[in-house]
Amino acid sequence: MKQDHLDEISGVSTTGHEWDGIRELNNPMPRWWVYTYYATIVWALGYTVFYPAWPLVTSATQGVLGYSSRGEVKAELASVEAERSAHTAALANKSVSEILADDTLRQTAIQSGAAAFKVNCVQCHGSGAAGGAGYPNLNDDDWLWGGKPEQIEYTIAHGIRSAGDADTHQSEMPAFSDILDREQIASVAAFVVSLSGTPKNSGLVKKGRTVFAESCAACHGNDARGNQELGAPDLADAIWLKTHGEAGIVAQIKAPKHGMMPAWGARLGDTAVKELTVFVHSLGGGQVVRGSLFPPGEKREITRVARPA
């Protein structure tokens, strides 16, 4: 039998392990460590008695305290829902105009609407509501169907070209490739560009103005400022939803792209629609109607912001 080796310097026997001439001393574990180890064993045994611990075939041991993490979460959710119910009831009984006129209700609706926006709207409009190609920027005051509170509410509730909602916004720009020839399309595109920039061929602008008056003004207006009743965009600003640039405008005239927004009223309910309306209106681009709907002393400066190319 191999004899224990005694370390000459410390006088402590070694474990018999050796690495490159280095031997491991066989020192006992510190007392505090041993006691801590025993305490963890006692704590583990106690935990299995008082709390759910051992898995069974279809469930687990419940523990003498009857504690359940799911039950705790359920109770917390019920508490939050009870707290929200009072606010929800207040919002449900008020119109959007009344909510906007009441600072407390308005702040409550903004907070709830921001949460609803993150769940239902950011996929298209972005987390900052700045939109993108084909998706409107909700921070500016360029509105296809109107930015007044009741108009925003209607758009959210009924959507745009939303199947299954008889009251949804409907509009459709015809494919002018079947109506106008190539030169007419190029000229009207040059005219549209001239309203906010410089076209490649300024010689086409005059003819394009005539083509616009004959084929486009019925929806976009004689001044090209659009028509919110028809969902016709303002062409005189530098904000472009579907495309930008002269070539893009030509493509849109030839074969227009038409977006779709779901009707959220049936999905979310009237109260959530009101909350979303107040939140969107609070972003800064909402148009004020019937005097100021903001609290006294609070100023809102609404500016037209060009969407990035």
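Residues numbered from 1 in each chain as written. Predicted model: local features only at pLDDT ≥ 70, side-chain atom pairs only at ≥ 80, totals over all residues. Heavy atoms only, no water.

1. Quick look at the overall build of the protein
Assigned secondary structure in the protein consists of 12 helices and 2 strands. Listing every helix and strand of the protein by position from the N terminus yields β-β-α-α-α-α-α-α-α-α-α-α-α-α. Computed over C-alpha atoms, the radius of gyration of the protein comes to 34 Å, more than 25% over the 19 Å expected from 2.2 N^0.38 for 309 residues, which places it beyond the range of a compact globule. Considering the protein as a whole, with its 309 residues, one finds that 32% of them fall into the buried category. Across the protein, every contact between residues at least 6 apart in sequence was considered, and the portion connecting residues at least 24 apart equals 55%. For the protein, the exposed area adds up to about 19400 Å²; of that, 56% sits on carbon and sulfur atoms. On the protein, the mean spot of the 27 positive side-chain charges and the mean spot of the 34 negative ones are 5 Å from each other. (Helix = DSSP H or I, 4+ residues; strand = E, 2+ residues; numbered from the N terminus. Rg over C-alpha atoms; globule rule 2.2 N^0.38 Å. Buried < 20%, exposed > 50% of the residue type's maximum accessible area, 1.4 Å probe, protein only. Contact = heavy atoms within 4.5 Å. Areas by Shrake-Rupley, 256 points an atom, 1.4 Å probe, with all protein chains shown as cover. Lys, Arg positive; Asp, Glu negative; His and termini not counted. Charge placed at Lys NZ, Arg CZ, Asp CG, Glu CD.)

2. A closer look at the pattern of salt bridges
As a working rule, side chains carrying opposite charge can pair if their charged atoms are close by. Evaluation of the coordinates by the stated rule reveals 4 salt bridges. Arg 23 serves as the salt-bridge partner of Glu 18, at 3.3 Å between the closest nitrogen and oxygen. For Glu 18, a relative accessible area of 43% corresponds to the partly exposed category. Close ionic contact of Asp 234 with Arg 225 constitutes a salt bridge, the shortest N to O distance being 3.3 Å. (Salt bridge = Lys/Arg side-chain N within 4 Å of Asp/Glu carboxyl O.)

3. Considering the nonpolar core
Among the nonpolar cores identified, the biggest contains 26 residues, and Phe 117, Ile 156 and Val 278 are the most heavily contacted of them. Mapped by element, the contributors of at least two residues to this core are helix H3 (96-101), helix H4 (103-120), helix H6 (149-158) and helix H12 (270-282). With 6 residues, the single largest contributor to this core is H4. In this structure, Leu 180, Val 192, Val 193 and Leu 235 belong to the second largest nonpolar core, which totals 21 residues. (Core = buried A, V, L, I, M, F, W, Y, C linked by side-chain atoms within 4.5 Å.)

4. Details of unusual backbone geometry
Comment: phi is negative for the bulk of residues other than glycine, and the bulk of peptide bonds are trans. Phi is positive for Ala 129, close to 65°, though the residue is something other than glycine. Position of Ala 129 among the secondary structure elements: in the loop between helix H5 (122-125) and H6. By relative accessible area, Ala 129 is classed as buried at 1%. Not every positive phi belongs to a glycine, and Arg 161 is a case in point at roughly 50°. In this fold, Arg 161 is placed in the loop between H6 and helix H7 (182-194).

5. As for the packing of H7 against helix H10 (residues 245-254)
Packing of H7 against H10 brings their axes to within 9 Å, and their N-to-C directions diverge by 125°. Between H7 and H10, the angle is such that the two are oblique. Crossing angle aside, the handedness with which H7 passes H10 is right-handed. Contacts between H7 and H10 involve Ile 185, Val 188, Ala 189, Ala 190, Val 192 and Val 193 on the former and, on the latter, Glu 246, Ile 249, Val 250, Ile 253 and Lys 254. Here the residues of the contact of H7 with H10 are counted per class, giving 9 nonpolar, no polar and 2 charged. (Axes fitted to C-alpha atoms, helices over the stretch in contact; angles between N-to-C directions. Parallel < 35°, antiparallel > 145°, perpendicular 65-115°, else oblique. Left-handed = near helix turned anticlockwise from the far one by under 90°. Nonpolar A, V, L, I, M, F, W, Y, C, P; charged D, E, K, R; others polar.)

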